[in-house]
Amino acid sequence: MNSHAWELLVLYLTVLLLTVKPMGIYLAMVMEGEFAFVRKTERPLYRLCGIRAEEEMGWLKYTFAILLFNALGVLAVYALQRLQAWLPLNPQGMTNVSPDSAFNTAVSFASNTNWQGYGGESTMSYLTQMLALTVQNFLSAATGIVVVIALIRGFARHTAASIGNAWVDLTRITLYVLLPISIVYAVFLVGQGSIQNFDAYKDVTTMEVTKYDTPKLDAAGQLVKNEKGVVVTEPTEAKTQTLAMGPVASQEAIKMLGTNGGGFFNANSAHPFENPTPLSNFVQMLSISLIPGALCFTFGRMVGDTRQGWAVLAAMTILFIGLAIAAMAFEQQANPLLTQLGVDPALGNMEGKEARFGIAESGLFATITTSASCGAVIAMHDSFMPLGGLIPLIGMHLGEVVFGGVGTGLYGMLVFAILAVFISGLMIGRTPEYLGKKIETYEMKMTSIAILVTPLLVLVGTAIAVIAADGRAGIANPGAHGFSEILYAFSSAANNNGSAFAGLSANTPFYNTLLGLAMWFGRFGVIVPVLAIAGSLAAKKRLAVTEGTLPTHSPLFVVLLVGIVLLVGLLNYVPALALGPVIEQLMLFAAH
Amino acid sequence: MTRKTFTLFDPELAVPAVTDAFRKLSPAVQWRNPVMFVVYIGSILTSVLWIQALGGQGEARVVENPGFILAIALWLWFTVLFANFAEALAEGRSKAQAASLRGLKKETLAKKLHEPHLESKWQMVPATDLRKGDVVLIAAHEFIPADGEVIEGVASVDESAITGESAPVIRESGGDFSSVTGGTRVLSDWIIVRVTVNPGETFVDRMIAMVENAKRQKTPNEIALTILLVALTIVFLAVTVTLLPYSMFSVDVAGAGTPVSITVLIALLVCLIPTTIAGLLSAIGVAGMSRMMQANVIATSGRAVEAAGDVDVLLLDKTGTITLGNRQASAFLPADGVTEAELADAAQLASLADETPEGRSIVVLAKQRFKLRERDIHALDAHFVHFTAQMRMSGVNLGERQIRKGAAEAIKAFVEAEGGSFHKSVSGKVDDVARRGSTPLVVAESSQGKVRVLGVIELKDIVKGGIKERFAELRQMGIKTVMVTGDNRVTAAAIAAEAGVDDFLAEATPEAKLKLIRQYQSEGRLVAMTGDGTNDAPALAQADVAVAMNTGTQAAKEAGNMVDLDSNPTKLIEVVETGKQMLMTRGSLTTFSIANDIAKYFAIIPAAFVSTYPQLSALNVMGLASPSSAILSAVIFNALIIVFLIPLALKGVKYRPLGAATLLRQNLAIYGLGGIVAPFLGIKLIDVLIAAAGLA
């Protein structure tokens, strides 16, 4: 880690932590309807939609509303992709997306995963990008946030039958938080150089003529090989380049703010039109963790003890610092294979990095995006050093609770907190309680499900893929790295991250279907038990805090929480990681 | 109740426990513990694999030496047996207790009366034929045939079989001492008892059922923990099952080695799942109940014991719990113009014949302060005036001289009747004493027509020794103590301050008690209380943990969820500690069990895949001799740790009254960090031994 990396990390955390309190207060006030203008503005909307805003919902009804809302979202996104050829705003004449890819993308954007089996600029019409994908960016982010708000209400309320009104919550978070910030954010990005238009793609003459070799193809489109079996290539020159256009800035803003991460272009945030300058890059990193960080404060405020929120935030920050330092330090390592070819080892591992950003930014961005459920990238994670690639994997394996996705990060962390409280409560001889709520059989059942779902999906999904011929066919790299690619794909899908070890060719019916299922169950397999916990906690009495109560805002509890997250989150993946990145690193350095 | 105490591995218990450990291998028993059931299936599977390998089939293709499979299979069976043994050992203790209780259920005959009075005709019937509502006559030296209520007569009863207390107790009709327990014996006189329970529902029956059911009924917290353990088991099952395809893939891409064997995967699975806590879980529960029994407390359910650990408000009766039952004279406060010695002398004379503890204490104080010896009563020509409820004073007449002591009002009436006056300064002293929480007794004398008040004796409530420290401990545990007393507010406040309780309820009525409990509960607190009288029953029923005194009435016992056979109100504190201890033992062993997985991974993962990726031996940080000895060592450690922790499971993690944070820090250091470090050392040690013996 050089001094630039340290400065970047410190600056990033300082700015992020400064935003936590004001943003957290605002979120809490909006969600609890404390602003008069909030109630006034939304009333006509509710009347229009026939929503009885005063009617609160029990957890079952709330869950049903959320599931229905997202299922409809999947249908809409699927339909728009399948029909885009006949719909307007399609200057490039994009064809309809294949059924399996459309299904995968629909689930992907509804589940806030934003895994992209497709390349944006070569697949989607502007209408699809805007109406299907950008809209889902808002709605999936809103879903994550309202679920955690419902869970917080479970802690905050007592002997209550309801946890809020899903329609009201979804409206408020979209209307007063996601939309206004996104508008300002998009304008800022345009100011930095992002594009926002409906133009057809532009062919431009490049300043420099690019010369390269292309493989020769025969009449049947197959590679031509010489007598030695080597592919024959022919020199090619390129004087022009096609620049993809589109309404980029408006999608980019919510892509980052809502921890969605699905790029307008295939190159994602490494593309200059998505992420033009170092400043826009810094703001992009910041906007990923803005809401997740602030929600910790919202949590503390709503349960009436801000220390509780700070404690959770402290645990997240500690984990984050560890992951970020590791990622940046591992990428600063030189790849011995490249050193052998004469690359200066002092440069670190520049393979697959955007030269505008460099190693420290790439390492930090990779950590932020995978410890949140964002998945936007500015560098090829596939080209990271083996252990550098381990860090994004770990971020996802921990359940993306380090700041995490909007809403999902905090509810994931609170599920771990319930587990930590359960074990530590026993250790001090009390039946466990968290924030005055007893943690009993039902909560443990739901907590267990929430913690079980993603490891099961990741491990079983990976196992199916490495056995199946269709699964093995997608692997680009041989050896242990191929295993890492598949493991990364399922980790990303089941944890709703969406970033990729891009080496895997995943736009096949096999992967589209399997990963689509992993995304759906990875998302709602956790949301349903979390809402169940919310309902059950809301119904409970609140116990008084005494000296015998385990303080859940103390440094000791923070350490315990960090320990539980690491232990429970990682123990499940040790063998898989040993056979992937770990052995890769050992082999790389043992051989050279 | 058995007074026999067993050492931990007492042969008397350990030998049958070994047999039981094998008997518990039945699938029907194993099924009840899901985690150990997985180990059980693993043992069967590896045994089958071994037999298959002997014939050169199955695992023989990937494992060179069938002896390795046998070794793993054997140690997996040991793991199951050790867990069975732990459970059997704990149950053995309970069974011994139950057996001694069952001894009480003698086949006795009872004199069943046709009508509920002494003159009625009776007929001999077996005790087992008695039904609720039947009335029986029990004469001296006869056993009481069933639980019931005395409706006529007074008798001394030997209850030592239940309480272990050899001194007989008095049982009489009416009041708070009317309940009798089946199996106890009338020593003198006779009583007529109305049977209050049907056969099979008696107190002793319930005790036996409780002891024997301890192994079958899981407490709520135990269920919650089991769910967590099962969830971990499912995850680790997925981890190991998917490892086979991962391994096959790795072998294909690396072009070296053989896929991991099923034997190794089963070994890894058993090492990862929380067998340590799962194997000891029921033993911890049974041992907790059994510790309660040793403290002579009978809980009606494990749930009650668990709840005891959570209590944060204790309601304690002042008399008997916080203070000694009696007040004692602590000071002589003479009136103006009277010396202290004069007052002491008069007070002593007035108390010589007073056999109440208060009276005795006045004589003792006079002796201590002024070396006044007891005088010969007859030589003094004394005529004693005993206390009556009408006069509310007592005293002595020595010829003309009359000395009286009593409550201030009574003496005031006496003095004024004799034509004297009750001086203001005396009233002031009376108030001072009352404000200090003591009881003032005023002494007056009348001789030769002259009447005067001599002064005031301060009778003090004596707070039990060490009780203040006990309350301080409780405060550190986060438990608030509330003193309940019938005294007035002033007196109550003074004693509360002296005893160091957090709060008090003065002039307590049963309704006020009930209201207080409800108020605490509405604030989200869990309330524990002790009680004995029938008027305590509503409060006992309302409290979360209610310990009824065995000397108490049937109504009180039924309302409570625990009965203290020793009838010692301070026992509540021990009950709370036992409840906490049970939870702490579970939590600590769970942490230990999960923390162990780190070292086991380091032992097994390099060993399992080193044939495919030789570079993985870099992770063999313990430097274990060979892959097979590494795996075997981890399995052996996993089995032996259960045996090593049996004493801890049975005795429980030591509870110290510290704050929650301190306690957590300590236990995390011991069982969390210890759980990470211990297996590294243990596995290495076993590996060295195996290598030295040349076994693998």
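Here the structure is a predicted model, which is why all the values come from computation and not from measurement.

Caption draft 1: Summary view of the packing of helix α6 (residues 126–156) of chain A against helix α8 (residues 248–257) of chain A. All names here are of chain A. Running from amino to carboxyl end, α6 crosses α8 at an angle of 25°, the nearest separation of the two axes being 9 Å. With respect to their mutual orientation, α6 and α8 come out roughly parallel. Here α6 and α8 pass one another in a crossing that is left-handed. Contact residues: Gln129, Leu133, Thr134, Asn137 and Phe138 in α6; Ser250, Gln251, Ile254 and Lys255 in α8. Considered class by class, the residues forming the contact of α6 with α8 number three nonpolar, five polar and one charged.

Caption draft 2: How the structure looks around the interface of chain B and chain A. Taken together, the contacts link 62 residues of chain B with 57 residues of chain A. For the pair chain B and chain A, the two sides together bury roughly 5100 Å², of which 76% comes from carbon and sulfur. Connecting chain B to chain A are three salt bridges. Across the pair Asp312 of chain B and Arg430 of chain A runs a salt bridge, and its minimum N-O distance is 3.7 Å. Counting the contacts that link chain B with chain A gives seven residue pairs in polar contact (both at pLDDT 80 or more). Contributing elements (two or more residues each) for the side of chain B that touches chain A: α7 (220–254), α16 (467–476), α21 (571–609) and α23 (660–693) of chain B. Sorting elements by how many residues they give to the side of chain B that touches chain A places α7 of chain B first, with 23 residues. By residue class, the composition of the side of chain B that touches chain A is 37 nonpolar, 14 polar and 11 charged.

Caption draft 3: Molecular detail of the confidence of the model for chain B. Of the residues in chain B, 92% reach a pLDDT of 70 or more, and the chain-wide mean stands at 84. Predicted complex, confidence summary: ipTM 0.91, pTM 0.85.

Caption draft 4: Structural view of the pairing of strand β9 (residues 313–317) of chain B. Residue and element names in this part refer to chain B. Of all five residues making up β9, four are buried, and the element is well covered by its neighbours. In terms of strand pairing, β9 meets strand β16 (residues 480–484) through five bridges, oriented parallel. Looking at the pairing, Leu316 lines up with Met483 of β16. Where β9 lies against strand β18 (residues 527–531), three bridges are found, and the strand directions are parallel. Across the sheet, Leu314 pairs through a bridge with Ala528, a residue of β18.

Cut-offs used in this document
Every residue gets a number counted from 1 within its own chain, in the order that chain's sequence is written. Working convention: letters from A go to chains and numbers from 1 go to ligands, in the order in which they are written. Local features in this predicted model are restricted to residues whose pLDDT is 70 or higher, and side-chain atom pairs enter the listing and the counts only when it is 80 or higher, whereas totals over whole chains, interfaces and linings include all residues. Hydrogens and water are ignored here; the side-chain numbers use all heavy atoms of the structure. Axis definition: a line fit to C-alpha positions, over the contact stretch in the case of helices; interaxial angles, taken between N-to-C directions, run 0 to 180 degrees. Helix and strand definitions here come from DSSP, where helices need a minimum of 4 consecutive H or I residues and strands a minimum of 2 consecutive E residues; each element is numbered from the N-terminal end. Note on angle classes: values under 35 degrees are labelled roughly parallel, values over 145 roughly antiparallel, values of 65 to 115 roughly perpendicular, and the remainder oblique. Crossing handedness is read from the near helix: turned anticlockwise from the far helix by less than a right angle, it gives a left-handed crossing, and turned clockwise, a right-handed one. Between two residues, a contact is recorded if the distance between any of their heavy atoms is within 4.5 Å. In the scheme used here, Gly and all other residues not listed as nonpolar or charged are polar, with Ala, Val, Leu, Ile, Met, Phe, Trp, Tyr, Cys and Pro taken as nonpolar and Asp, Glu, Lys and Arg as charged. Two parts placed together each lose some accessible area under a 1.4 Å probe, and adding up what both lose gives the buried area. Within this document, salt bridges are pairs made up of a side-chain nitrogen of Lys or Arg and a carboxyl oxygen of Asp or Glu, the two lying within 4 Å of each other. Contacts described as polar in this section are N or O atom pairs within 3.5 Å, which, within protein, must combine one atom able to donate a hydrogen with one able to accept it, while residues neighboring in sequence count only if both atoms come from side chains. Scored from 0 to 100, pLDDT reflects the predictor's confidence in each residue. Accessibility here uses a 1.4 Å probe with only protein chains present; expressed as a share of the type maximum, an area under 20% marks a residue as buried, one over 50% as exposed, and anything in between as partly exposed. By the convention used here, strands pair only if DSSP detects at least 2 bridges between them.

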